[in-house]
Every structure is written in C-alpha cells, then in structure tokens.
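Topology and contacts: notes
Here's the letter readout for the chains.
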Amino acid sequence: MKPFNCVFIIVYYVVGLVTKILHPVTVEGLETLPDSGVLLCPNHSSNWDPILVALNLPINYRLHIMAKEELFQNPLLGWLLRKVGAFPVSRGNNDINTVRTSIQTIKDGDNLLIFPEGTTIHNGIGYVDGLPAHAKAGVAMIGVRTGAKLVPVFVDGEKKLFHRTRIIFGSPYEPHYTGRRGTSDEMQKIANDLLEAAYALGGQAVGGAPL
C-alpha cells in the first residue's frame, strides 16, 4: 500500500496539527535529503520518534515505516498504520516477509524508515536483552541489497509536552564492503557507523551520552 492516499492526507494534517502543539519541532538538514530510494536511520528513544519524523517530511515524500507487530494487534490502529504506509516486523525473529517488503519498498523508489537499534532506548545507553544497546546489522543488509541512500537522522531523546524537539537529517552515508553483498562483519560495521553518525548529529555518543 502506497502511503500517499486520502487517509494519509487526513492523518498528516490533522495529527500533524495536534502534534505540532504538543511537541513542537525544529528541523535541520531537510533541504539536502534525497527524494527517493532513501533509507532513514534515526536513533530511537520514544514512541513519538516515527510520528515526529514522518510528520515533518514533505507530504509527498512516500515514506514507509517498519513498526513493531504489537501495534497491529489493534484492528483499527493496524488498519490505520497500513493505510499510512507502515508494515509490521516481528522483533527477535528472522522475519523474511518484512525483509522482502523493505527491499521492495526501496526498489519501487519509495522511502523507508528503520531504527537501527531495533527498539526504544530510554535515558542513557540502555540495554536490550541484558546487553548494551547496539545497531542491528539488518539495516545495513537492506541498504546494501537495494543500493538505498543511507541517511542518519538524530531525534532528541527526552520528549516533554510543549518543549521543542530537534530533528537533524544528516548527509547520506557511503557504505564500504567487499563483493556484491559484503560480509557479516562489514554489515555490522555499516550499521554501527550509521547509528554513531545519527547520535553524532546531536552531539551525543551511541545511547545518548554526551560526546
């Protein structure tokens, strides 16, 4: 489902108006953002992040969002998410259908948002399954297989009502790897570099600690 449709237009303007009141945003770097075939890679500290990023892109940007499958368990919310271009991912599992959808999205010339950390990281470095939060190599694999323009994005961590949040779009990252698809170590390094670049845009190290 392409995200640019009547439901999307209504959500974009109505939810966007409410969101701008509750969470005003300052956007930087939007003028250098490529138009198509883009894989946006933001840091992730709040469920507001995908909403704030999506609503501060041009309405015709044709963005799709990889979202956790739990959000689709509510029939109404799931229907709405699909109408605006989101699709579910089963975290912690080898979700082949999600990977195929992600790859096809880029190949169709649309744009995709994936959080390299794979989950929200609250206050400080944070932990996932008992280990320090880190980038998942899957984001690099999708980028390399599709030839997507990999763009790091920084979103301020703490979201307070009526307090301004920064969103900073960085320059496209040029991945380096061997062969057609690279090695697993190379994919992990690309993912790590993307996450580090995202946090660095906001003057932070991975996990939100100041540089």
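Details of the structure are given in the entry above.
What follows is about a nonpolar patch on the surface. Taken together, Leu71, Leu76, Leu77, Trp79 and Leu80 make up a surface patch of nonpolar side chains, about 440 Å² in accessible area. Note on placement: Leu80 falls in helix 3 (residues 75-83).

Of all hydrophobic cores here, the largest spans 23 residues; its most connected members are Leu39, Met66, Leu112, Ile114, Val139, Ile142 and Ile190. Those elements giving two or more residues to this core turn out to be strand 2 (38-42), strand 4 (86-89), helix 4 (96-107), helix 5 (138-146) and helix 6 (184-201). Here Ile190 is in contact with Ala140, Val144, Leu150, Tyr173, Pro175, His176 and Tyr177, once residues within four sequence places are set aside. In this structure, Leu33, Val38, Tyr61 and Val155 belong to the second largest nonpolar core, which totals 22 residues.

Here we come to the packing of helix 4 against helix 5. Relative orientation of the contacting elements helix 4 and helix 5 amounts to 40°, with a least axis distance of 9 Å. One element, helix 4, and the other, helix 5, form an angle in the oblique class. Between helix 4 and helix 5 lies a crossing whose hand is right-handed. Taken together, the residues of helix 5 that come into contact with helix 4 (itself represented by Val99, Ser102, Ile103, Ile106 and Lys107) are Met141, Ile142, Arg145 and Thr146. Of the residues that constitute the contact of helix 4 with helix 5, the class distribution is five nonpolar, two polar and two charged.

Reading guide: rules and limits
- Residues numbered from 1 in each chain as written.
- Predicted model: local features only at pLDDT ≥ 70, side-chain atom pairs only at ≥ 80, totals over all residues.
- Heavy atoms only, no water.
- Patch = residues over 30% accessible without salt bridge, like charges linked within 9 Å, V, L, I, M, F, W, Y side chains within 5 Å.
- Areas by Shrake-Rupley, 256 points an atom, 1.4 Å probe, with all protein chains shown as cover.
- Salt bridge = Lys/Arg side-chain N within 4 Å of Asp/Glu carboxyl O.
- Helix = DSSP H or I, 4+ residues; strand = E, 2+ residues; numbered from the N terminus.
- Core = buried A, V, L, I, M, F, W, Y, C linked by side-chain atoms within 4.5 Å.
- Buried < 20%, exposed > 50% of the residue type's maximum accessible area, 1.4 Å probe, protein only.
- Contact = heavy atoms within 4.5 Å.
- Axes fitted to C-alpha atoms, helices over the stretch in contact; angles between N-to-C directions.
- Parallel < 35°, antiparallel > 145°, perpendicular 65-115°, else oblique.
- Left-handed = near helix turned anticlockwise from the far one by under 90°.
- Nonpolar A, V, L, I, M, F, W, Y, C, P; charged D, E, K, R; others polar.

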